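Structural characterization, general
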Amino acid sequence: DRILLWLTLGLLVLGFTMVTSTSIPIGQKLYCDPFFFVKREIFYFCVIFFLSYFLLRIPMVFWEKNSHVILIISFFLLIVVLIFGKANHGAFRWINIGFFHIQPSELCKISSCFYVSNYLSRKYCEVQNNFWSVFKPISVIILQSFLLLAEPDLGTIIVVFFTILSILFISGIKIEQFIIVIISSIATIILLILTEPYRVKRILSFWHPWNDPFGAGYQITQSLIALGRGSFFGQGLGNSIQKLYYLPDAHSDFIFSIIGEELGFIGAFFTLLMIFLLSLRAIYIGKTALKKHEIFSGFLACSIGMWFILQTSINISGIIGIIPVKGLTLPLISYGGSSLIINSIAILILLRIDFEIKIKTSQAFFKGI
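So, here's what we can say about the structure. Because the structure is a prediction, the values reported are computed rather than measured.

The rules behind each value
- Residues numbered from 1 in each chain as written.
- Predicted model: local features only at pLDDT ≥ 70, side-chain atom pairs only at ≥ 80, totals over all residues.
- Heavy atoms only, no water.
- Helix = DSSP H or I, 4+ residues; strand = E, 2+ residues; numbered from the N terminus.
- Expected span 1.5 Å × (residues − 1).
- Bend = angle between axes of the 7 residues up to and from the residue.
- Buried < 20%, exposed > 50% of the residue type's maximum accessible area, 1.4 Å probe, protein only.
- Polar contact = N/O pair within 3.5 Å; in protein donor to acceptor, adjacent residues only side chain to side chain.
- Contact = heavy atoms within 4.5 Å.
- Salt bridge = Lys/Arg side-chain N within 4 Å of Asp/Glu carboxyl O.
- Phe/Tyr/Trp six-rings, centres within 6.5 Å; stacked < 30°, edge-to-face > 60°.
- Lys NZ or Arg CZ within 6 Å of the ring centre and 35° of its normal.
- 1 Å grid on protein atoms, 1.4 Å probe; cavity = no way out; pocket = protein on both sides within 12 Å on 5 of 7 lines; lining within 4 Å.
- Points joined across faces, edges and corners; volume = space filled by probe spheres on them.
- Nonpolar A, V, L, I, M, F, W, Y, C, P; charged D, E, K, R; others polar.

Here's the deal with helix 11 (residues 255-291)
An ideal rise of 1.5 Å per residue puts 54 Å on 37 residues; helix 11 reaches only 38 Å between its terminal C-alpha atoms. Along helix 11, the helix axis deviates most sharply at L263, where the bend reaches about 130 degrees. Residue H293 follows helix 11 closely and has a positive phi angle near 65 degrees.

Structural data, given as structure tokens:
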């Protein structure tokens, strides 16, 4: 799928450019090397290129048969990170293995998509008629969510949970069942927020960030300043002021703020347009696969598309102050090895799905001739 491929390459180039622009000050401050993060980003690109040689050759039946194994591995890593993980900003989300920093929560996103797509390929009719068939995959995701909550990582829980709900809705579950699950999910999220004082503090600071601009509301206010400075055409590439130690995580979670500051509304608009076109292309590939009765591939492609849409929406909403900051990266753009590699693997799988659909159609056509 050339549209998907060019959109992906465009986002990777944009991401590399903005990571280079935003990470030079922080790289100099932390590691006395302005290109520290740039070098790591290049290394991640090399890893992705190496993986693409093998992943594009793996048939989808392999992922379908081993989806349970991938899910078990993600559970195992979530337990390991709680025991041996490295704390950052009070959260245990990374496993350090020498040069590598593995973030198990990123693997959870794609492993959940694999598992639920496999489940629906086997229980497609039952899900439409039996509530307990809907509850089974949700119960697995709930168990996974408990481990994510222990890190804590509420942002990943929201992305994973609502991605799975979206796919179950697409599969044709009864609307009353879907409404019950949605209400229960929202009530649970509200309960999780109220049980932790720091989450309540985030909610209050997000409502009125300017009441405490140097405390709880600092990130949001600095993000809004960056976006405001960008105006329509931006300050120009490399001319951001907020990346000079004012805005925390400018090269990762808040990279969109710097895009807005340097490239303006125009740059921000086209960034979001490319991400959402990529997501819609993934859903289109999934729809085509479902028409060809490739149930696993179809639901997997749709789930990847919904995952990208939800994560982007939550990231941008936090940056502009619509919702509290959730600590999620902007897909294919933000700095972060685990995020970048897992997102790229998802794209490679989409390309493989599209390839198999077209090969199957081509073979059927020539056979008919």
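What follows picks up the thread again.
Comments concerning the side chain of T329
Among the secondary structure elements, T329 is positioned in the loop between helix 12 (295-319) and helix 13 (337-368). Under the relative-accessibility criterion, T329 is labelled buried at 10%. There is a polar contact of 2.8 Å between the side chain of T329 and the side chain of S339. Here T329 is in contact with E106, D253, Q311, N315, S334, Y335 and S339, once residues within four sequence places are set aside.

Regarding the side chain of S240
Along the chain, the position of S240 falls in the loop between helix 10 (218-230) and helix 11. Exposure remark for S240: the relative accessible area of 3% places this residue in the buried category. In contact with S240, not counting residues within four places along its chain, are I258, E261 and E262.

Thoughts on the pattern of salt bridges
Pairing of side chains with opposite charge becomes possible as their charged atoms draw close. Within this structure, the stated rule accounts for 8 salt bridges. Where K109 meets E106, a salt bridge forms, and the shortest distance between an N and an O atom there is 3.2 Å. Here K109 and its partner E106 are both found in helix 5 (residues 104-129), 3 residues apart, which amounts to about one turn of the helix. Across the pair K360 and E294 runs a salt bridge whose closest N-O atoms are separated by 2.8 Å. With K360 in helix 13 and E294 in the loop between helix 11 and helix 12, the pair connects residues that are 66 residues apart, well separated along the chain. Exposure remark for K360: the relative accessible area of 38% places this residue in the partly exposed category.

Considerations on the packing of aromatic side chains
Counting across every chain of the model gives 17 aromatic pairs. Taken together, a centroid distance of 5.1 Å and an interplanar angle of 65 degrees make the contact between F50 and F54 edge-to-face. Of this pair, F50 and F54 both sit in helix 2 (residues 36-55), 4 residues apart, which is roughly one turn of that helix. Of the residues examined, F54 reaches a relative accessible area of 42% and is grouped as partly exposed. A cation over an aromatic ring shows up here: K29 above the ring of Y245, its NZ or CZ 5.0 Å from the ring centre. Across the ring face of Y53, the terminal group of R57 is positioned such that the distance to the ring centre comes to 4.2 Å.

Observations concerning empty space enclosed by the protein
Throughout the structure, instances matching the rule amount to 2 cavities of 30 Å³ or more. In this structure, the largest cavity is lined by D253, F254, I314, N315, G318, I319, V325, K326, G327 and L328. Residues of the lining of the largest cavity, tallied by class, amount to 5 nonpolar, 3 polar and 2 charged. Taken as a whole, the second largest cavity holds about 40 Å³ of empty space. Around the second largest cavity, the lining residues are E294, S297, I353, E356, I357 and K360. In terms of residue count, the dominant contributor to the lining of the second largest cavity is helix 13 (4 residues). Grouping the constituent residues of the lining of the second largest cavity by class yields 2 nonpolar, 1 polar and 3 charged.

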